[in-house]
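# Structural features, examined
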Amino acid sequence: MAERIPLETLRLQAEECRACPLCEGRTNLVFGTGSETARVLIVGEAPGKNEDLQGEPFVGAAGKNLNALLALAGLTREEVYIANVLKCRPPGNRDPQADEIQACTPFLREQTRTINPEFIVTLGNFSTKFILKTDRGITGLHGQLQQAGKFKVFPVYHPAAAIYDRTKQAALEEDFRTLGRLLGNDPAPAEEA
Ligand code: URA
């Protein structure tokens, strides 16, 4: 088996990457954060404004939601690893383009090989379609355990898409509780009405 590249080495390689034009507009690379030996790898779409400014994934409103969802699964940010499909912010938060995904995903592939998680939680359509190599949308896939090679893949709605959509938020919360059960974690107490 090919050698696993340390995350810090990969991060330095990503800092040097000029494979697509997104590097020209970024403030910071958003490589990923968390445990190099995480059981759970969380994969979002691309950095937004706050992430670009701080160099960390999911630090804005969607990140606040993600932190609360992780707690429902009995997880903390420190024990999981959080990354995105794209490491640089697309201008104006537009959707990632096919050529950008192609240019950037070798980094995500190597991060996955190095971390070697048991579960990959894909947030929203872009990361789900990339990890599962599927055209099926997140609406039909969320909360259903899938397999990609040796990895268990658990697709869920994107936490940003759920902020103003109570139905999606309820589904996300249910799915993260299911994730906690799949991990064998203690159930988080139900919220009081
Ligand atoms: N949305 C994402 O997909 N990733 C981030 O890091 C922040 C918001």
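Attention here is on the structure that accompanies the text. Small disclaimer: the values here were computed from a predicted structure and weren't measured.

Attention now goes to the packing of helix α1 (residues 7–16) against helix α5 (residues 98–115). In the contact formed by α1 and α5, the axes pass within 10 Å of each other and the chain directions differ by 170°. Judged by the inter-axis angle, α1 sits roughly antiparallel to α5. Mapping the contact onto sequence places L7, L10, Q13 and A14 in α1 and F107, E110, Q111, T114 and I115 in α5. The class makeup of the residues in the contact of α1 with α5 is five nonpolar, three polar and one charged.

Taking 1.5 Å per residue, 18 residues should reach 26 Å; helix α8 (residues 166–183) reaches 26 Å between its end C-alpha atoms and fits that length. As for α8, its buried residues are in contact with β2 (40–44), α4 (61–72), β4 (119–123) and β6 (151–156). For α8, the N-terminal capping position is held by D165, with its side-chain oxygen 3.1 Å away from the main-chain nitrogen of T167. Immediately downstream of α8, the backbone of G184 shows phi near 80°, a positive value.

Applying the stated criterion to the full structure yields zero aromatic pairs. It is K87 that lies over the ring of F31; its NZ or CZ is 5.9 Å from the centre. We note K133 situated over the ring of F130; from NZ or CZ to the ring centre the distance is 3.8 Å.

This brings us to the sheet that holds β4. The sheet built from six strands is open, its strands ordered β1-β3-β2-β4-β6-β5 with mixed pairing. Of all the strands in the sheet, the pair left with one neighbour each is β1 (33–34) and β5 (146–148). As defined by bridge partners, β4 adjoins β6 across five bridges and the pair is classed as parallel. In the strand pairing of β6, F119 is matched with K152.

Right, let's get into the pairing of strand β3 (residues 81–84). If a strand is regular, its side chains alternate between the two faces of the sheet. Burial along β3 is two-sided: Y81 and A83 and I82 and N84, pointing in opposite directions, are all buried. Bridge count for β1 against β3 is two bridges, and the pairing is antiparallel. Among the inter-strand pairings, G34 is bridged to a residue of β3, identified as Y81. Relative to β3, β2 is paired through four bridges, and the arrangement is parallel. Opposite V43, over in β3, you have A83 as the bridge partner.

Turning next to the site of the ligand. In the vicinity of the ligand, the residues found are G44, E45, A46, E51, P57, F58, N84 and H158. For the ligand, an oxygen atom lies 3.0 Å from a polar atom in the backbone of F58. In the complex, 92% of the free accessible area of the ligand, which totals 240 Å², lies under the protein chains. In terms of residue class, the shell around the ligand is made up of three nonpolar, three polar and two charged.

Basis of the calculations
- Residues numbered from 1 in each chain as written.
- Predicted model: local features only at pLDDT ≥ 70, side-chain atom pairs only at ≥ 80, totals over all residues.
- Heavy atoms only, no water.
- Axes fitted to C-alpha atoms, helices over the stretch in contact; angles between N-to-C directions.
- Helix = DSSP H or I, 4+ residues; strand = E, 2+ residues; numbered from the N terminus.
- Parallel < 35°, antiparallel > 145°, perpendicular 65-115°, else oblique.
- Contact = heavy atoms within 4.5 Å.
- Nonpolar A, V, L, I, M, F, W, Y, C, P; charged D, E, K, R; others polar.
- Expected span 1.5 Å × (residues − 1).
- Polar contact = N/O pair within 3.5 Å; in protein donor to acceptor, adjacent residues only side chain to side chain.
- Phe/Tyr/Trp six-rings, centres within 6.5 Å; stacked < 30°, edge-to-face > 60°.
- Lys NZ or Arg CZ within 6 Å of the ring centre and 35° of its normal.
- Pairing = 2+ DSSP bridges.
- Buried < 20%, exposed > 50% of the residue type's maximum accessible area, 1.4 Å probe, protein only.
- Near = heavy atom within 4 Å.
- Areas by Shrake-Rupley, 256 points an atom, 1.4 Å probe, with all protein chains shown as cover.

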